[in-house]
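# Structural characterization, general
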Amino acid sequence: MCLTLFLLLASLFSHAQSTVTLTGQVLDESGTGVEYATLSVLDATDSTLLSGGVAGAEGRWEVAGVRVGRRVLLSASFVGYATVYLPAFTVDRRPSPLTLHLRTAAQVLEEVKVRGKKLTDLHRVDRQVFDAQQFENARGGTATDVLRNLPAVSVAADGNISVRGSNGFQLVIDGKPTQGDPLSLLAQLPANAIESVEFITSPSAKYDPDGKGGILNIRTRRGSLNGWTLTANGSLGLPSVRNYNNADHPRRDGADVTVGYRDADWDYTLSLSYLRDDLAGRREGYVNTYRDGILTELPSDGERSFDRENYLARLAVTRRLSDRQQLSAGVYAGKRTQFRTADILYTNQRRTRIAPSDFLGTQAYYDRYLATGNVLSGGGEVVSNATFFNENLRVRRGDFYIASLDYTLSFPDASTLTLSGLYERTVLGGPTDNRILSWPGLRDTLQLQRNDNDNPLDGLRLQADYARQLGSLTWESGYQYRYLKHPGDFSYLDKDMATGRFVVNPEFTNGILLRRDIHSVYSQVSGTRDKLEYSGGLRLEYFDRGVTLNQPDTTYRLDRFNLFPSVNLRYTLSEGLALKAGYSRRIERTTTFKMTPFPEREHNETLEQGDAELLPELIDAVELGIAGNWGDNSAFATIYYRQVNNVINRVNTVYNDTILNRIYTNAGDARAVGLELGTTLYPTATWQLTLGGNVYNYRIKGRLFDAPVDRSTTVYAISARTDVSFTRTFSGQLGIDYLSERVTAQGEDSEFFSPYLSLKKEFPKRRVSVLFQWQNIGLGLWNANAQRITTRTAEFFTTTNYVYETDVLRLAVSYRFTRGRREGKLLDSEFGGREF
C-alpha cells in the first residue's frame, strides 16, 4: 500500500505527456461525407465510453481530450447505416487523420429509419458486450427479461439466475457494484432503460472479486447528442388466455420515461418507471417422511401466484468543471412489493407398523401414489387421515436507495486520479400469514401463525483509482474500503385459539447482525504488442466478518487475507478473428439469509435455516475462446473451467413428520467444465438468426451430514431466435430459451423452457413504435414455463411442480424525441455511464 501511495504522490509532479485531438472524416459507400454521424471513442479493454462527437460538414469530425498511449476503439454510426468500428489502436502524440466508411442498410428511404445490420455483440479481452435493443421479447419487462437472452445466463421458473451454471454473480449498474439483493434490483430495473449488458467473464484485478460466475454490468440509456432527448414507453397486458383457478386475475401494465440534456459542460438524465407484473400459476406437490416406523404422506395442490409492483426513479448529473476535472453524482431510488399467494389443499395420512425390512423406500411410495392417484395403497396401518386447506400469504417489500459521487482529475502527463464514494440503503422485510382451515367448508380456523422480519442493509464504498502511462503500458492502481451492516429481526407468533391472542414462539423468534469490513489494494498493467493485447494484475484483500445473534448472545467472527490474481490475453489472428484466454480468482461471500442459524417458516411444509459459520466460496476460473466475424455475420466459442472450494448447497432434513428444514451448508468442492457458443447470421438481407448455447459438466464431491456426496451431471442451455423484417417498418421475432434437467446435492431440477413471439410496427414520422408480445407460448401443447424440483434421502422424498402462466399477451408503445444541436460540439462523458 505504501508503494502505491508513493507512486500516486510522485505522479502529481510528472508532466511528460498530454492529451491529443483525434480528427478524420466519415464517408458513405459513394465517398460522400456523412454529416451528423455520431463518433464514439471507447476504451479497448472494457468498452467504456471515453469521449465522442458529431461529424460536421462533409463528414469531418474531431474529438479532443484523448489520452496519449491509451488503447482505444473508434466507432461511427448514423440512421440507416450499420455501425462501423475501426480496429483497436494506441493513441500517439501526433495522430494521423482517421477515415471511417459507413455501409448503408438493405434499403434507405427518405425520412424512414431502417434497421441496419448493427453489431449486436462485441468480444473484448475480458468480456462480452451485448446490445440490449436486439431483445424485443424483453421490452416492457425488467432487466431479468433482458438477461435471459444471453447465452451464458439461465433464468429458472422461480426467477433465480445462473451464469455458466453458477447462481453467484456480481451485479454492477453503470459501473457501480451493488451490495443488495441482485435479483430484487434486476426485477426493478425496466428493460427499456438498458442500453447494453456486459458479461465480464474474466475480471481483472481492479474489479471487485465477488461473484463466482463473474460480473454482469448493466449499462443504462442516456442521450448521445447535445441537446434534449425524451423517451417514453407504455405497456398493457391483455386478459389472460388460460385459467389457473386463482382467486384474482393478474394485472400487467407499466410505463417509463427518460429525459436527458447534454451540452459541453453539463449532462443530466432523469428516469421514472412503474411496472405491475403479476403472474398466475399453480403448485402441485408431494412429500413423504419415514421415521420410527411411521410413514407420512402429504400430497398437495393449489394456487401459487405473484402480485408484483415496482416504482423506480434514477437521476444522474455530470458536470465538467474544467478541461481536467469532472464531477458526477447519481441517485437511485426504488420500491418493490411482492405478494406471493399459496392457497393449497393438503391430504395428510400417517401409517404405522412399517418395519424397516418392509419399507419400500421413499421414491417407491411416490411412484405408487402416481400410479394409483391416492395414498391409501401403501400398506401398514392407517392411524390418521386428514384433509385441510392452507392459506399462505407472504408479503415481501424492498426499498432501495443508492447515492454516488465521483470526482476525476486529469494531470498534464495524461494520468488520472478518480475518487469515488457510494452509499446504499436497502430495507427488506414483510409478514407471512399461515392459516390452516377445515375442509370442506373452510369455516373453522385450526391454526394461525404470523411471522415478520425487518432487514435494513447499509453499505458504504470508498475508492481511489489512479492510472497513467508507463511507456507502452497502462498502469492502474488503487485502494478500496467497503463496509456492510445488515441486521435482521425475526418474530414468529402462534395464535392461541382458546384465548384469541397471539403468543411468541421462541424457537423461531430471534435477531441477527451481519457486519463486514473489507480493505483492498490492487495494481495491474495492460498494453499491446503487435497483435497481442494483455493485462495482468494482483489484488490483496483483508476482510473481517462478524455474525452476532440475539439469543444466545453469541458472535461468530471470520477474518482473512486473500490474494486475487488475474491474467487476460487476446491475440488477433487475422482481421475479424481473435483468440483470447483468461484466468481470475474469485470469491462468493455469504449473505445474511444463508447465515441465519435459526429456522424461518416460509409456508406450511418448509423451514429455511442458515449457518452462522458458513465459509465463503473460493473460485478459480480459466477460459479459452475464439471470436470472429465475416461480413455481417459473427460467431464465438469459449471453453471454461471453474473450481469452487467450500461450495455452499441448500439441502433438506426432516424437522417433523410433515415439515422439512432447508439448510445452507458447505458441502465440499465442485467443478464445472463447459463450452459456451454463439453466432449471429444473416441468411438474407432481411433475415437474422441468433443462436447461443452453454453446455457444462458439473460435479460436486464432499460430505453432507457425515455421509459422502459424489454427484455429477451434464447440463445444457439454449437461447435461439430469428428476426425477420417483413417491410421497412414491420418486423417480427420468434425465439425460445431452454434449460435442461440438472442434478443437485440431493435430487434434480427438471427442464425449463419458454418460447416467445413479438411483432413490431414502426411509424417513423411520428417517432412511435408499437410492439405486440406473446410470451411463454404454450397453447396447451407442451409444459412451457413449468419446472419440477425433487429431493430425496432414505428418510424423505419431496417433489414440487411449479406451473406458471403461459400464453401471456402484451402491447407496448414507445415514443422517442431528440432535439439535438447540430453544430457538432465535442462530447466528453468518460465517467458519464458510471452514475445511477
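Small disclaimer: the values here were computed from a predicted structure and weren't measured. (Residues numbered from 1 in each chain as written. Predicted model: local features only at pLDDT ≥ 70, side-chain atom pairs only at ≥ 80, totals over all residues. Heavy atoms only, no water.)

Regarding its fold elements, the protein chain presents five helices and 48 strands. Relative to its full complement of 836 residues, the protein chain shows a buried share of 57%. Pairs at least 24 residues apart make up 69% of the contacts formed inside the protein chain by residues separated by at least 6 positions. Carbon and sulfur atoms form 55% of the exposed surface of the protein chain, whose accessible area is close to 35,000 Å². (Helix = DSSP H or I, 4+ residues; strand = E, 2+ residues; numbered from the N terminus. Buried < 20%, exposed > 50% of the residue type's maximum accessible area, 1.4 Å probe, protein only. Contact = heavy atoms within 4.5 Å. Areas by Shrake-Rupley, 256 points an atom, 1.4 Å probe, with all protein chains shown as cover.)

Before going further, it helps to spend a moment on the side chain of Asn288. Of note, Asn288 is situated in strand E21 (residues 281-291). Here the side chain of Asn288 touches Tyr286 through a polar contact of 3.0 Å, side chain to side chain. For Asn288, the contacting residues outside a window of four places in its chain are Leu295, Thr296, Glu297, Thr362, Tyr365, Tyr366, Glu795, Phe796 and Phe797. (Polar contact = N/O pair within 3.5 Å; in protein donor to acceptor, adjacent residues only side chain to side chain.)

Using the criterion set out here, one finds 21 aromatic pairs in the structure. On the basis of an interplanar angle of 45° and a centroid distance of 5.1 Å, the ring pair of Tyr286 and Tyr366 is categorised as tilted. With Tyr286 in strand E21 and Tyr366 in helix H4 (residues 362-372), this residue pair connects regions lying 80 residues apart in the sequence. Tyr366 shares its class with Tyr286; the two are buried. The interplanar angle of 20° and the centroid separation of 5.3 Å between the aromatic rings of Tyr346 and Phe388 together place this pair among those described as stacked. Linking Tyr346 in strand E23 (residues 325-352) with Phe388 in strand E24 (residues 381-410), this pair joins segments that are 42 residues apart in sequence. The two residues Tyr346 and Phe388 agree in class, both being buried. Ring pairing ties together the aromatic residues Trp228, Tyr261, Trp266 and Tyr268, which thus form one cluster. Residue placement shows Arg589 over the ring face of Phe543; its charged tip is 5.8 Å from the ring centre. (Phe/Tyr/Trp six-rings, centres within 6.5 Å; stacked < 30°, edge-to-face > 60°. Lys NZ or Arg CZ within 6 Å of the ring centre and 35° of its normal.)

The next thing to look at is the pairing of strand E34 (residues 600-603). Within a regular beta strand, the side chains point alternately toward one face of the sheet and then the other, so they alternate between its two faces. In terms of strand pairing, E34 meets strand E35 (residues 606-609) through three bridges, oriented antiparallel. Opposite His603, over in E35, you have Thr606 as the bridge partner. Taking the residues that link successive antiparallel strands as the turn, the E34-E35 hairpin has two residues. (Pairing = 2+ DSSP bridges.)

So, on to the environment of Tyr85. By the element assignment, Tyr85 lies in strand E7 (residues 84-90). Residue classification places Tyr85 among the partly exposed residues on the basis of a relative accessible area of 28%. Expressed as a C-alpha distance, the spacing of Tyr85 and Val41, which sit 44 residues apart in the sequence, is 9.9 Å.

What follows concerns the sheet that holds strand E1 (residues 19-27). Within the open sheet, the three strands sit side by side as E4-E1-E8. Their pairing is mixed. Strands with a single pairing partner mark the edges of an open sheet, and in this sheet they are strand E4 (60-67) and strand E8 (98-101). Between one strand axis and the next, the sheet turns through 30° on average, direction left out of account. Examined bridge by bridge, E1 and E4 share six bridges and lie antiparallel to one another. When the bridges of E4 are listed, Leu22 appears paired with Val63. (Axes fitted to C-alpha atoms, helices over the stretch in contact; angles between N-to-C directions.)

With 31 residues, the main nonpolar core has Val146, Leu147, Leu186, Ile194 and Ile218 as its most contacted residues. In this view, Leu186 contacts Thr142, Ala143, Thr144, Leu147, Ile161, Phe169, Leu171 and Ile218; residues no more than four positions away in its chain are not counted. Counting 23 residues, the second largest nonpolar core, distinct from the first, contains Ala37, Val41, Val84 and Phe89. (Core = buried A, V, L, I, M, F, W, Y, C linked by side-chain atoms within 4.5 Å.)

Spatially, the four strands line up as an open sheet ordered E3-E2-E5-E7, and their pairing is antiparallel. This sheet does not close on itself; its edge strands, each paired only once, are strand E3 (49-54) and E7. With strand direction ignored, the average angle separating the axes of adjacent strands in the sheet is 20°. Across five bridges, the pairing between strand E5 (residues 71-77) and E7 is antiparallel.

We now examine the confidence of the model for the protein chain. Taken as a whole, the protein chain shows an average pLDDT of 84; of its residues, 89% reach a score of 70 or greater. Below a pLDDT of 50 lies the segment residues 1-17, which in the model reaches 23 contacts outside its immediate sequence neighbourhood of four places, other chains included. Taken together, the stretch residues 105-118 has pLDDT below 50 and engages in 34 contacts with residues farther than four places along the chain or on a different chain. (pLDDT = per-residue confidence, 0-100.)

This brings us to the environment of Tyr815. Topologically, Tyr815 is positioned in strand E48 (residues 808-820). Linking Tyr815 and Phe763, residues 52 residues apart in sequence, is a C-alpha distance of 9.7 Å. Ignoring anything within four residues of it in the chain, the contact list for Tyr815 reads Leu230, Thr231, Ala232, Arg766, Arg767 and Val768.

Our next topic: a nonpolar patch on the surface. A cluster of nonpolar side chains, Trp228, Val259, Leu270, Leu272, Leu315 and Val331, forms an exposed patch at the surface whose accessible area comes to about 500 Å². Examined against the element boundaries, Leu270 turns out to sit in strand E20 (residues 266-277). Relative accessible area serves as the criterion here: at 40%, Leu270 is assigned to the partly exposed category. (Patch = residues over 30% accessible without salt bridge, like charges linked within 9 Å, V, L, I, M, F, W, Y side chains within 5 Å. Salt bridge = Lys/Arg side-chain N within 4 Å of Asp/Glu carboxyl O.)

It is worth spelling out unusual backbone geometry at this point. Looking along the chain, the bond that leaves Trp439 and enters Pro440 is cis, with omega of -5°. Across the junction of Gln551 and Pro552, the peptide omega takes the value -10°, indicating a cis bond. Along the chain, the position of Pro552 falls in the loop between strand E31 (532-549) and strand E32 (554-574). At Asp292, a position not held by glycine, the phi torsion is positive, near 55°.

What follows concerns the pairing of strand E33 (residues 577-588). Bridge count for E32 against E33 is eight bridges, and the pairing is antiparallel. Across the sheet, the residue bridging to Ser574 is Leu577, located in E33. Counting the residues in the hairpin turn of E32 and E33 gives two residues, including Gly576, whose phi is positive at 85°. Summarising the sheet, E33 and strand E36 (residues 617-630) pair through 12 bridges and their orientation is antiparallel. Note on E36: the bridge partner recorded for Ala578 is Ala627.

Now for the pattern of salt bridges. The full count for this structure, using the stated rule, is 33 salt bridges. For Arg219, the salt bridge is made with Glu198, and the minimal N-O distance between the two is 2.8 Å. Here Arg219, found in strand E17 (residues 215-220), pairs with Glu198, found in strand E16 (residues 194-200); they are 21 residues apart in sequence, far enough to count as distant. With relative accessibility at 16%, the residue Arg219 sits in the buried group. For Glu198, a relative accessible area of 1% translates into the label buried.

To continue, consider H4. Within H4, burial applies to Thr362, Tyr365, Tyr366 and Tyr369. Down the axis of H4, the buried set is contained in an arc of 100°. They therefore lie on one face. Among the exposed residues of H4, those oriented more than 90 degrees off its buried face are Leu370 and Ala371. In this structure, the buried side of H4 is in contact with E21, strand E22 (294-320), E23, strand E46 (786-792) and strand E47 (796-804). Gly373 sits one or two residues past H4 and shows a positive phi near 80°. (Arc of directions from axis to C-beta.)

Further remarks concern the side chain of Asp399. For Asp399, the position within the fold is in strand E24. Polar contacts involving the side chain of Asp399 include one to the side chain of Lys335, which spans 3.1 Å. The residues touching Asp399, leaving out its near neighbours within four places in the chain, are Gly334, Lys335, Arg425, Thr426 and Val427.

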